[in-house]
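Notes for the structure review
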Amino acid sequence: MSTAEAESNNFVLWTSAASSLTLLSLYYVFNVAQKPKIYASNKLKAFLIEHVPILNEKYWPTWYNWEGRLQSLMGLFQRISDSQLLPYTREIVTLHDGGELALDCLEPTDPRTTAENDDRLIIFLLPGLTSCSQTSYVKSLVLAVTKVGATAYVLNNRGLGGVALKTPRTYCATKYEDVMEVIAHLKQKHPKEKMIAIGTSLGGMVLSQYLIGHPVEAKENFFAAMMISICWDPLAGTRSLETPFVNKYIVNYTLTSNLTELAVKHRDVLQRRDCWDFDKVLSSKTLREFDTNFTAPQFGYADVLDYYKDGMVAKRVHHFSIPVFALNAVDDPLIPGDYLPMKEAELEGSNLALIVTERGGKLSQ
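Since we're looking at a predicted model, the values are computed, not measured.

1. Things to note about the overall build of the chain
- A count of helices and strands for the chain gives 14 helices and nine strands.
- Buried positions account for 51% of the 365 residues belonging to the chain.
- In the chain, the proportion of contacts linking residues at least 24 apart, taken out of those at least 6 apart, comes to 75%.
- For the chain, the exposed area adds up to about 18000 Å²; of that, 58% sits on carbon and sulfur atoms.

Shown next, in the form of structure tokens:
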């Protein structure tokens, strides 16, 4: 090949690369980067526009991993490493049935940001599916909370956070008895302080069930709540997870593996009950199979569809008695944008303000 031909080929390659990069940049600027949409009553929308000015700006996802599932995965590694442990103060809460869970607390590190007496703010955080207080995204939330002078309390569900399972009962998306006991405990410790609850993913589903089931009590205990990346419709979420290829064979499989590993860890205690075939539990390959073999029978549901129907909160948000600010992404693999309670949030008198980004995946905005 002559020098002229080589230079010509290089020119074509560089021109193609530059053109592709330009098109990709234009797509990112005009399609990927979008302003969040707010679905709320006029009152809550006006409040957000006035007090959260960032919602008037475009959300710019990381340019090299804006796809929802990739963003969800990378978000786990781009926050705080597993080796960086937060210095929580731990309290073991004994529940009415003899079970135990850990409640971890982190106070503001800067005394100048700590409010006094009645102005002190308590944040009660409920993590996702198999997350605990030392999970990366949870630590990020906790540090953000304490940075502005609030005290963070993180609930570690039964069997998580390094606490042994004492009774053959774990947790699920619909039962909130453990949460109620912890809330009562916090109110006893901090009777005068204001409290906000934050639920992420499964934790947000449990929190929603509590707010819907006990609206009067919720209003007495909290003056606001926040939901991040929660699945408003488990039936729709499960169907989304079962679509090939990435959702079913990577996302779904990973979530299920985390749950079966937890079941293996606590097998000796869990096998005291006879409501399941443990070999089937451990052979579960999808979230639906795991919930069929483990979750539904444990909590007395006729079948997995009965459990998922009970876990649906999208059509019941009118029961919220306090302002609830929710953040979801359209490309969340666990709850597609078509199934978010947008219309319900916009009803006059609604206490739900739903903030929706086009990108962000699961817990990655």
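2. Considering the environment of Thr 295
- Inspection of the secondary structure puts Thr 295 in helix α12 (residues 287-298).
- Residue classification places Thr 295 among the buried residues on the basis of a relative accessible area of 5%.
- Thr 295 sits 12 residues away from Tyr 307 along the chain, and the two C-alpha atoms are 8.3 Å apart.
- Contacts of Thr 295, omitting those with residues within four sequence positions, involve Cys 172, Phe 290 and Tyr 307.
- Polar side-chain contacts of Thr 295 include one of 2.8 Å to the side chain of Asp 291.

3. A few points about the environment of Trp 60
- By the element assignment, Trp 60 lies in the loop between α2 (42-51) and α3 (68-77).
- Each C-alpha atom, one on Trp 60 and one on Gln 34, is 7.3 Å from the other, the two residues being 26 residues apart in sequence.
- Contact partners of Trp 60, with chain neighbours within four places excluded, come to Tyr 28, Val 29 and Ala 33.

4. Digging into the side chain of Thr 167
- Structurally, Thr 167 is set in the loop between β5 (151-156) and α5 (177-189).
- Residue class for Thr 167 comes out buried when judged on its relative accessible area of 14%.
- The contacts of Thr 167, once residues within four sequence positions are left out, are Asp 97, Gly 98, Gly 99, Arg 158 and Val 269.

5. Side note on the nonpolar core
- The biggest cluster of nonpolar side chains holds 57 residues, and the ones touching the most others in it are Phe 124, Leu 211 and Trp 232.
- With 26 residues, the next largest nonpolar core counts Ala 40, Val 138, Val 145 and Phe 325 among its residues.

6. Let's talk about helix α9 (residues 246-265)
- Here α9 contains 20 residues, and its C-alpha end-to-end distance of 27 Å stays within 8% of the 28 Å for a straight helix at 1.5 Å per residue.
- Its axis deflected by about 30° at Tyr 253, α9 carries its strongest bend there.
- Restricting attention to buried positions, one finds in α9 the residues Asn 247, Val 251, Asn 252, Leu 255, Thr 256, Ser 257, Leu 259, Thr 260, Leu 262 and Ala 263.

7. Quick look at empty space enclosed by the protein
- Considering all chains together, one arrives at two cavities of 30 Å³ or more under this definition.
- The space that makes up the largest cavity amounts to roughly 130 Å³.
- Asn 157, Tyr 171, Lys 175, Val 179 and Val 206 are, among the 16 residues lining the largest cavity, the residues nearest its centre.
- For the lining of the largest cavity, the elements supplying multiple residues, two or more each, are α5 and α6 (202-213).
- Here the lining of the largest cavity is composed, by residue class, of nine nonpolar, three polar and four charged.

8. Here we look at the packing of aromatic side chains
- Applying the stated criterion to the full structure yields nine aromatic pairs.
- When the centroid spacing of 4.6 Å and the interplanar angle of 15° are considered together, the rings of Trp 276 and Phe 294 count as stacked. Taken as a pair, Trp 276 in the loop between α10 (267-270) and α11 (278-282) and Phe 294 in helix α12 lie far apart in primary sequence, 18 residues in all. The two residues Trp 276 and Phe 294 agree in class, both being buried.
- In this arrangement the basic side chain of Arg 273 is found over the ring face of Trp 276, its NZ or CZ atom lying 5.6 Å from the centre.

9. Side note on the pattern of salt bridges
- The tally for this structure, following the rule as stated, stands at 10 salt bridges.
- Residue Arg 90 pairs with Asp 104 through a salt bridge whose shortest N-O separation is 2.8 Å. Of this pair, Arg 90 sits in strand β2 (residues 89-94) while Asp 104 sits in strand β3 (residues 100-106), and the two are 14 residues apart along the sequence.
- Among the residues examined, Arg 90 registers a relative accessible area of 39% and is labelled partly exposed.
- Given the relative accessible area of 2%, Asp 104 is considered buried.
- When salt bridges that share partners are traced, they join Asp 97, Arg 158 and Asp 178 into one network.

10. Points about the sheet that holds strand β8 (residues 324-329)
- On the basis of which strands lie adjacent, the open sheet formed by nine strands has the order β1-β9-β8-β7-β6-β4-β5-β3-β2 and mixed pairing. Pairing within the sheet leaves two strands with one partner each, and these edge strands are β1 (37-39) and β2. The mean angle between the axes of side-by-side strands here comes to 20°, regardless of whether they run parallel or antiparallel.
- Across six bridges, the pairing between β2 and β3 is antiparallel. By the bridge assignment, Thr 89 is partnered in β3 with Cys 105.
- Contacts between helix α4 (residues 136-147) and the sheet are confined to β3, β4 (121-126), β5, β6 (194-200) and β7 (224-228), with β5 contributing the most and set at about 155° to the helix.

Rules used in this analysis
- Numbering of residues begins from 1 in every chain and follows the order in which that chain's sequence is written.
- Local features in a predicted model are, by the rule used here, given only for residues with pLDDT of at least 70; side-chain atom pairs are given and counted only at 80 or more, and totals for whole chains, interfaces and linings are based on all residues.
- Side-chain metrics rest on all non-hydrogen atoms present in the structure, leaving aside hydrogens and water.
- What counts as a helix is a DSSP run of H or I of at least four residues, what counts as a strand is a run of E of at least two, and both are numbered from the N terminus.
- Only protein chains enter the calculation, and the probe is 1.4 Å; a residue is then buried if its accessible area is under 20% of its type maximum, exposed if over 50%, and partly exposed in between.
- Contact criterion: two residues are considered in contact whenever any of their non-hydrogen atoms come within 4.5 Å of each other.
- Exposure was quantified through the Shrake-Rupley algorithm and a 1.4 Å probe, taking into account, for residues, occlusion by the shown protein chains and nothing else.
- Distance and chemistry together define a polar contact, namely a pair of N or O atoms within 3.5 Å, with one atom able to donate a hydrogen and the other to accept it when in protein, and with adjacent residues in sequence counting only for side-chain atoms on both sides.
- We call a set of buried residues a nonpolar core when its members are Ala, Val, Leu, Ile, Met, Phe, Trp, Tyr or Cys and they connect through side-chain atoms within 4.5 Å of each other.
- Expected helix span is taken as 1.5 Å per residue step, with the number of steps being one fewer than the number of residues.
- Bend at a given residue is defined as the angle between two axes, one fitted to the seven residues that end at that position and one fitted to the seven that begin there.
- Note on definitions: the grid is 1 Å and covers protein atoms alone; a cavity is a set of points where a 1.4 Å probe fits but cannot get out; a pocket is an open set with protein on both sides within 12 Å along at least five of seven lines; lining residues have an atom within 4 Å of a point.
- Grid points are joined across faces, edges and corners, and a volume is the space filled by probe spheres set on the points.
- Note on residue categories: nonpolar means Ala, Val, Leu, Ile, Met, Phe, Trp, Tyr, Cys or Pro, charged means Asp, Glu, Lys or Arg, and polar means any other residue, Gly included.
- Centre distance within 6.5 Å is the pairing criterion for rings of Phe, Tyr and Trp, where only the six-membered ring of Trp is used; planes under 30 degrees apart are then read as stacked, over 60 as edge-to-face, and the remainder as tilted.
- Two thresholds decide whether a charge sits over a ring: the Lys NZ or Arg CZ must be within 6 Å of the ring centre and within 35 degrees of the ring normal.
- Salt bridge, as applied in this entry: a Lys or Arg side-chain nitrogen positioned within 4 Å of an Asp or Glu carboxyl oxygen.
- When DSSP finds two or more bridges between a pair of strands, those strands are recorded as paired.
- Angles here are taken between N-to-C directions and fall from 0 to 180 degrees, while the axes themselves are lines fitted to C-alpha atoms, restricted in helices to the stretch in contact.

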